[in-house]
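Understanding the architecture of this molecule
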Amino acid sequence: LEPTGIVTLEPTGIVTLEPVKLRLIQASRGSISRSDGGFMVQAVQQAAQQVLPAGAVAPDFTAQSLGGQQLSLSATLKSGPALIVFAHPKINASRLVVGYLRRMAEIAPALPIWIFSEGREAETLEYVGSGDGAYLKMPVVLDNCGVAGLYGARFLPATYLIGADGLVIRAYSGFSRDFLNWVANEAAGLTGGKAKELISDGDNKGFYELSERGPCA
């Protein structure tokens, strides 16, 4: 959506426009980005995002990866934090998030990262390869909205960093360079890794990508 003005909500409920260049980028979650000659400012309203809030109890689950690995959140958290991602192989923001997370092995190798695909089996296997992902090198679960349903992951991708105490440290719906760089830094600190940017200017992939409605009700 490319409006040509600032959206202002008057006390009467009428929406007015003031002439300024704006690009609305996270309308469904209340986030906007303003660009003016390369200058960008993002304002994020967490209450409107399609994710569980920081401090919420992360629903426990067990699942089996495509490679046959048994995954248990509660058991894994006994050794430290974990990162889980609900994604769809046909949603571009999902492919960006999952693709960049392959670099986490260099930053926080002790951090478990699990990918829950909400796509069909054929399209999931086409993307990740066979087993636990010849391409991704991370456990992939063909979820069919099972665990995603526990987390209410209707918009994809949805990324959760979960602490050893079982609470959500922070989550985000969509692709955000700032969020993923924050995750890399935080995970490195929590697991004794080596903090550095996950995504740099040289990657030239932009800062944000909208999430999209997935198949889970």
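Quick look at the structure, then. Quantities reported herein were computed from a predicted structural model and do not represent experimental measurements. (Residues numbered from 1 in each chain as written. Predicted model: local features only at pLDDT ≥ 70, side-chain atom pairs only at ≥ 80, totals over all residues. Heavy atoms only, no water.)

In this section: the environment of leucine 180. Tracing the sequence through the fold places leucine 180 in helix α6 (residues 177-191). Judged by relative accessible area, which is 1%, leucine 180 ranks as buried. Counting along the chain gives 17 residues from leucine 180 to glutamate 197, while the straight-line C-alpha distance between them is 8.6 Å. Ignoring any residue separated from it by four or fewer positions in sequence, one finds leucine 180 in contact with Val97, Tyr100, Leu101, Phe175, Leu198 and Ile199. (Helix = DSSP H or I, 4+ residues; strand = E, 2+ residues; numbered from the N terminus. Buried < 20%, exposed > 50% of the residue type's maximum accessible area, 1.4 Å probe, protein only. Contact = heavy atoms within 4.5 Å.)

Judged from the five bridges that link them, strand β12 (residues 158-162) and strand β13 (residues 168-173) form a sheet pairing that is antiparallel. If you follow isoleucine 162 over to β13, its bridge partner there is valine 168. Linking β12 back to β13 in an antiparallel pair, the connection comprises five residues, with glycine 166 at a positive phi of about 85°. (Pairing = 2+ DSSP bridges.)

Another aspect to go through is the pattern of salt bridges. For the structure shown, the criterion picks out four salt bridges. Among the salt bridges present, the one from arginine 120 reaches glutamate 123, with a minimum N-O distance of 3.5 Å. (Salt bridge = Lys/Arg side-chain N within 4 Å of Asp/Glu carboxyl O.)

Let's shift gears to the nonpolar core. By size, the foremost hydrophobic cluster in this structure holds 57 residues, and its most contacted members are Phe86, Leu101, Met104, Tyr151 and Tyr160. Beyond its immediate chain neighbours, meaning those up to four positions away, phenylalanine 86 contacts Phe116, Glu118, Asp143, Val147, Ala148, Tyr151, Ala153, Leu156, Pro157, Ala158 and Tyr160. (Core = buried A, V, L, I, M, F, W, Y, C linked by side-chain atoms within 4.5 Å.)

So, on to the packing of aromatic side chains. Counting across every chain of the model gives eleven aromatic pairs. When the centroid spacing of 6.4 Å and the interplanar angle of 70° are considered together, the rings of phenylalanine 61 and tyrosine 151 count as edge-to-face. Taken together, the residues span a long stretch of sequence, with phenylalanine 61 in the loop between β5 (39-43) and β6 (62-64) and tyrosine 151 in helix α5 (residues 146-151) at a distance of 90 residues. The rings of Phe61, Phe86, Trp114, Phe116, Tyr151 and Tyr160 are connected pair by pair, giving a single aromatic cluster. (Phe/Tyr/Trp six-rings, centres within 6.5 Å; stacked < 30°, edge-to-face > 60°.)

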